[in-house]
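Chain by chain, the residues run as shown.
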Amino acid sequence: MRCCVCLFQQSLQCSPSKMAAGESNSRSSCLNLSNSGPLGNAPPSNSAHSSPASNGGAVAAAGGMNRSAGNANPRSGPENGGGAESAVRSTPSASPASVLIYREPVYNWQATKSTVKERFAFLFNNEVLSDVHFLVGKGMGVQRIPAHRFALAVGSAVFDAMFNGGMATTSTEIELPDVEPAAFLALLKFLYSDEVQIGPETVMTTLYTAKKYAVPALEAHCVEFLKKNLRADNAFMLLTQARLFDEPQLASLCLENIDKNTADALAAEGFTDVDIDTLVAVLERDTLGVREVRLFGAAVRWAEAEAQRQQLQPTPENKRRVLGKALSLIRFPLMTIEEFAAGPAQSGILTDREVVSLFLHFTVNPKPHVEFIDRPRCCLRGKECSITRFSQVESRWGYSGTSDRIRFSVNRRIFVVGFGLYGSIHGPTDYQVNIQIIHTDSNTVLGQNDTGFSCDGTASTFRVMFKEPVEILPSVNYIACATLKGPDSHYGTKGMRKVTHEAPATGTKTCFTFCYAAGNNNGTSVEDGQIPEVIFYT
């Protein structure tokens with residue numbers, strides 16, 4: 001399983017690394033543990049008689065010299081010659097004029113802490129009263145961290161079982177090679193003081209550690225941090241982690257983000273590092289908002305990276321092998337014949353039989369069965385909406401190969417999924433039709449479909465749908481285009497320049513403005529013609 005624990009560092013990304021379940025593996029380049037870390041604590045000393053000054057040990061200095069209070073004898077007191085007077089000593093070469101260094105008496109640290117929270121917070125990462133040490137991390141990165149069995153057992157059922165259960169350990173040093181020191185310190189900080197100190201560099205390892213030691217409150221803080229920082233460029237990486245750590249709510253949010261920003265999520269560096277199960281979980285979705293040819297390109301990029309991870313040559317055969325079930329989830333029938341011919345057909349990943357069957361699917365009617373899913377994806381939720389721009393229906397409207405076109409704009413972002421078209425005045429008939437939506441300024445075709453529809457001879461409209469939703473942005477001009485082949489049809493009259501749809505549940509208004517489309521438009525205009533309905537989602 002691949003992951004990245006540095007998801008949010010600067011650009012919220014870093015080079016991914018591998019982590020098996022039950023193993024943490026953040027890179028040392030991303031977690032600088034040699035200096036004060038994200039928790040704001042100096043690294044704990046390996047000496048049993050020192051504690052970080054940041055943990056409440058007072059530092060008294062004279063002549064610019066400092067020393068930690070953690071070096072004081074914890075048991076020194078008035079009865080043992082302790083106190084301020086006894087805490088005075090000179091350096092070995094002291095003379096009568098030598099600088100004296102004063103040390104706060106540790107035995108009386110409680111007097112400066114007015115609440116239980118302050119007293120426990122003082123003990124965090126402190127040798128004072130500690131009765132257990134943890135050797136956290138691996139190799140040169142191991143840190144020896146002091147702790148207190150009682151404090152840990154109160155905050156974690158796992159620690160309670162470790163120290164007080166039927167198989168309780170009696171060891172005073174416990175090795176934790178699978179835990180990052182920074183994450184373990186974050187856990188202890190939370191257990192001792194309820195303070196949450198997580199950041200981009202430590203959130204994933206802290207989440208792992210909180211789950212390992214059954215501290216659900218800290219888990220919740222980690223998940224909330226991830227939610228707030230969820231973006232298209234880290235959605236795949238977070239999805240992998242959410243699945244690894246069994247966080248269904250976070251996984252659901254990641255998938256929703258990928259649905260809404262599919263193209264950006266696929267282009268992110270972390271996409272190629274997801275595991276095959278995560279890739280399959282995404283490709284199975286009907287709600288992805290991207291053209292199928294781009295999904296295929298992304299899957300090929302992933303296969304190249306996976307082949308390298310498995311130390312395989314990136315041949316077409318090996319790409320197909322590592323893709324496995326994921327290849328069958330690419331909906332090749334939703335591509336245009338041009339897209340298929342320029343990409344998948346020449347990739348070598350598909351077999352010759354698959355290529356031939358798909359070409360037949362694109363070019364002949366009735367279309368033969370193919371092994372790939374031909375159900376359109378729809379990145380939309382909620383109820384389907386439609387508007388009608390004509391008040392009356394008349395006969396007859398003829399076709400000679402010229403497209404019916406009308407220009408339109410909307411006041412808010414929507415997704416157009418199809419048109420309603422008029423059918424024959426001569427009874428039940430089949431039509432062939434090409435529908436398009438064109439961006440007016442750039443003349444770019446944003447969506448199209450070569451299809452057909454059957455009509456029953458009435459003046460009703462008949463649905464003709466795009467292969468995938470077409471995003472329509474507010475205050476931008478588009479052209480709706482339909483090229484029909486068939487007998488004379490009904491047509492609309494008394495058209496309206498402005499048509500408003502109001503959502504019954506929310507009262508949200510979507511206003512369409514229609515204008516004449518310059519050029520040859522087969523006579524269709526604002527007042528008369530074809531394309532009477534626009535079918536859309538908000």
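Residues numbered from 1 in each chain as written. Predicted model: local features only at pLDDT ≥ 70, side-chain atom pairs only at ≥ 80, totals over all residues. Heavy atoms only, no water.

In the nomenclature of an unreviewed UniProt entry, the protein chain is known as BTB/POZ domain-containing protein 2-like of Sinocyclocheilus anshuiensis. The protein chain has a UniProt comment under Subcellular location (unreviewed entry) that states "Cytoplasm". (UniProt positions renumbered as here; feature names shortened; annotations may be inferred.)

J.: Give me the lowdown on the pattern of salt bridges, citing residues and values where you can.
T.: For the coordinates displayed, the defined rule picks out 19 salt bridges. The salt bridge involving arginine 375 is made with aspartate 286; its shortest N-O contact spans 2.9 Å. Note that arginine 375 is positioned in the loop between helix H17 (352-363) and strand S8 (385-388) and aspartate 286 in the loop between helix H11 (276-283) and helix H12 (292-309), a separation of 89 residues in sequence. On the basis of relative accessibility, which here comes to 31%, the residue aspartate 286 falls in the partly exposed class. Arginine 309 is the salt-bridge partner of glutamate 306, the closest N and O atoms lying 2.9 Å from each other. (Salt bridge = Lys/Arg side-chain N within 4 Å of Asp/Glu carboxyl O. Helix = DSSP H or I, 4+ residues; strand = E, 2+ residues; numbered from the N terminus. Buried < 20%, exposed > 50% of the residue type's maximum accessible area, 1.4 Å probe, protein only.)

J.: Outline the sheet that holds strand S7 (residues 173-176), supporting the account with residue identities and numerical values.
T.: To summarise the sheet geometry, strands pair through backbone hydrogen bonds and adopt either a parallel or an antiparallel arrangement. Reading across from one edge, S6-S5-S7 is the order of the three strands in this open sheet, with mixed pairing throughout. Of all strands in the sheet, those bounded by a partner on one side alone are strand S6 (143-147) and S7. Looking at each pair of strands side by side, their axes are set apart by 25 degrees on average, direction ignored. Of the strand pairs in this sheet, strand S5 (residues 132-136) and S6 are connected by five bridges, and their pairing is antiparallel. By the bridge assignment for S6, phenylalanine 134 is matched with isoleucine 145. Helix-sheet contacts for helix H5 (residues 181-193) involve S5, S6 and S7, and the interaxial angle to S6 is about 10 degrees. (Pairing = 2+ DSSP bridges. Axes fitted to C-alpha atoms, helices over the stretch in contact; angles between N-to-C directions. Contact = heavy atoms within 4.5 Å.)

J.: Before we move on, can you summarise the environment of aspartate 233 with the specific residues and values?
T.: Of note, aspartate 233 is situated in the loop between helix H7 (216-228) and helix H8 (235-244). Taking the C-alpha atoms as reference, aspartate 233 lies 5.3 Å from alanine 265; in sequence the two are 32 residues apart. Side chain to side chain, aspartate 233 and arginine 231 meet in a polar contact 2.8 Å long. (Polar contact = N/O pair within 3.5 Å; in protein donor to acceptor, adjacent residues only side chain to side chain.)

J.: Tell me about the confidence of the model for the protein chain, and name the residues and values.
T.: Mean pLDDT over the protein chain: 81, with 79% of residues reaching 70 or higher. Segment residues 1-105: pLDDT under 50, and 201 contacts once partners within four positions in sequence are set aside and those in other chains are kept. (pLDDT = per-residue confidence, 0-100.)

J.: Talk me through unusual backbone geometry; I want residue IDs and the actual numbers.
T.: Note that the residue after serine 395, namely arginine 396, is joined by a cis bond; omega there is -10 degrees. Here arginine 396 is to be found in strand S9 (residues 390-397). The residue leucine 129 is not glycine, and still its phi comes out positive at about 65 degrees. In this structure, aspartate 246 is a non-glycine residue whose phi angle is positive, near 55 degrees. As for its position among the elements, aspartate 246 is in the loop between H8 and helix H9 (248-260). Of the residues examined, aspartate 246 reaches a relative accessible area of 60% and is grouped as exposed.

J.: Help me get a handle on H5, residues and values and all.
T.: A rise of 1.5 Å per residue sets the reference length of H5, with its 13 residues, at 18 Å; its end C-alpha atoms lie 18 Å apart and thus fit the reference within 8%. Extensive coverage of H5 is indicated by the burial of 13 of its 13 residues. Backbone geometry just downstream of H5 places aspartate 194 in the positive-phi region, at approximately 65 degrees. (Expected span 1.5 Å × (residues − 1).)

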